Amino acid sequence: MLFLLVLLLATFTTLSLAQGNQRGRQGTRVGFYRATCPRVESIVQSAVQSAVQANPTVAPGLLRMFFHDCFVNGCDASILIDGSSTEKTAPPNSLLRGFEVIDAAKSQLETTCPGVVSCADILALAARDSVVQTGGRSWQVPLGRRDGLVSQASDTASLPAFNDPISVQIRKFADKGLNTQDLVTLVGGHTIGTAACALFSYRLYNFNNTNGPDPDINQAFLPQLRALCPNGGDGSRRVALDTGSVDRFGNSFYENLRNGRGVIESDAKLWSDRRTQRFVQGFLGTRGQPALRFNNEFGRAMVKMGNTQVKTGRQGEIRRVCTATN
């Protein structure tokens, strides 16, 4: 009898520890602020809506910002910190926009429920709301992240680059617990937004010292890109990543990839490499199930990425302002 009691106690303790560890790994939940700041989602949504209506380029900016934050030491708002050598100053982040939207939401939240909502959670909500404002489907965002204390430009080497081959992209995503399907899905966020000519014009003229263009580029699309980005021209000029859908969230990005109209090299390779092409094929189609599948999968992948290396409990802090640690 005593042996049975000890065995049951040990089993219960093991299960409790396992469940506790699982909660610790996950760290976030839907409705985290239901009792402490019930208006958090409406406040962030209002800030994003006002900003996107005034300037549609803010939507892709906020979506990229969340992605870039999560890929560098987890989703902890370290990308928001000001300073001479912080993540914000690193070349991959130099053209991000929408920081003022996060600051505006934080300011209102500090008035409504001071010291409660993290900047990391504001950014996660703003990314979701940016997708919704551009026509994408909504999803429930688990909350409960805390803000990081460290932000270093040197850490941004882990970010996927515009010219990464597929093998490198797969490895960088795998390092964050994301698989190849997640990779193809999340890159679909390029359905909104633009890229500077400097990031892809090398593909148009002397690709890999061949004196010709990247063969992955549709020959009918090439003159259009060359007109927008002439050889030796303005490298800062912006070009839509998803031709015909720069401000509208949807699965047309994948149609453009199939048709040789991927603008940056890392995007174009998603179609030319078999490891990723099969997932692109699953999102093809201008209406019905493919479009619905992409929207649903994008929300799922965003939740998964949003739980990357999160700081919860007593880790990190709740910043008073998003641009500096307390």
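Here, every reference points to the structure presented above.
The rules behind the values
Residues numbered from 1 in each chain as written. Predicted model: local features only at pLDDT ≥ 70, side-chain atom pairs only at ≥ 80, totals over all residues. Heavy atoms only, no water. Helix = DSSP H or I, 4+ residues; strand = E, 2+ residues; numbered from the N terminus. Contact = heavy atoms within 4.5 Å. Areas by Shrake-Rupley, 256 points an atom, 1.4 Å probe, with all protein chains shown as cover. Lys, Arg positive; Asp, Glu negative; His and termini not counted. Charge placed at Lys NZ, Arg CZ, Asp CG, Glu CD. Expected span 1.5 Å × (residues − 1). Buried < 20%, exposed > 50% of the residue type's maximum accessible area, 1.4 Å probe, protein only. Disulfide = S-S within 2.5 Å. Axes fitted to C-alpha atoms, helices over the stretch in contact; angles between N-to-C directions. Parallel < 35°, antiparallel > 145°, perpendicular 65-115°, else oblique. Nonpolar A, V, L, I, M, F, W, Y, C, P; charged D, E, K, R; others polar. 1 Å grid on protein atoms, 1.4 Å probe; cavity = no way out; pocket = protein on both sides within 12 Å on 5 of 7 lines; lining within 4 Å. Points joined across faces, edges and corners; volume = space filled by probe spheres on them.

This paragraph deals with the overall build of the chain. Counting its secondary structure elements, the chain contains 13 helices and two strands. Taken along its principal axes, the extent of the C-alpha atoms in the chain is 80 × 50 × 40 Å. Partitioning the intrachain contacts of the chain with sequence separation of at least 6 by distance along the chain shows that 75% fall at a separation of at least 24. Accessible area of the chain: about 15,300 Å², with a carbon and sulfur share of 53%. Charge centroids of the chain, computed over 35 positive and 26 negative side chains, lie 5 Å from each other.

Here the focus is the environment of serine 130. With respect to the helices, strands and loops of the structure, serine 130 is situated in helix α5 (residues 119–133). Expressed as a C-alpha distance, the spacing of serine 130 and leucine 62, which sit 68 residues apart in the sequence, is 6.8 Å. Not counting residues up to four positions away in its chain, the partners in contact with serine 130 are Val48, Ala59 and Leu62.

Look at α5: 20 Å from first C-alpha to last across 15 residues, which is about the 21 Å you get at 1.5 Å a residue. Within α5, 13 of the 15 residues are buried, leaving the element largely enclosed by the surrounding structure. Taken from the residues just after α5, glycine 135 is the one with a positive phi, measuring 105°.

This part is about the state of the cysteines. Taken as a whole, this structure holds four disulfides when the rule is applied. Between cysteine 37 and cysteine 113 runs a disulfide, and the two sulfur atoms are separated by 1.9 Å. Placement of cysteine 37 in the loop between α1 (2–26) and α2 (40–54) and of cysteine 113 in the loop between α4 (99–112) and α5 is noted, with a sequence separation of 76 residues between them. You'll find cysteine 37 and cysteine 113 in the same group, each marked buried. Taken in N- to C-terminal order, the disulfide-linked cysteines of the chain are connected 1-4, 2-3, 5-8, 6-7.

In this section: the packing of helix α3 (residues 58–70) against helix α13 (residues 289–306). Running from N to C, α3 and α13 cross one another at 40°; their axes reach a closest spacing of 10 Å. As summarised for this structure, α3 and α13 are arranged oblique, according to the angle between their axes. Of the residues in α13, those touching α3 at Leu63, Phe66, Phe67 and Cys70 are Phe298, Met302, Met305 and Gly306. Taken together, the residues of the contact of α3 with α13 break down into seven nonpolar, one polar and no charged.

Its volume calculated, the largest pocket comes out at about 930 Å³. Around the largest pocket sit 38 residues that line it, and Arg64, His68, Pro92, His190 and Leu199 are the ones nearest its centre. Contributions of two or more residues to the lining of the largest pocket are made by α3, α6 (166–174), α7 (180–187), β1 (194–196), α11 (265–272) and α13. The leading source of residues in the lining of the largest pocket is α3, at six residues. Residues of the lining of the largest pocket, tallied by class, amount to 23 nonpolar, ten polar and five charged.

Treat this as a map of the structure, not an account of what it does.
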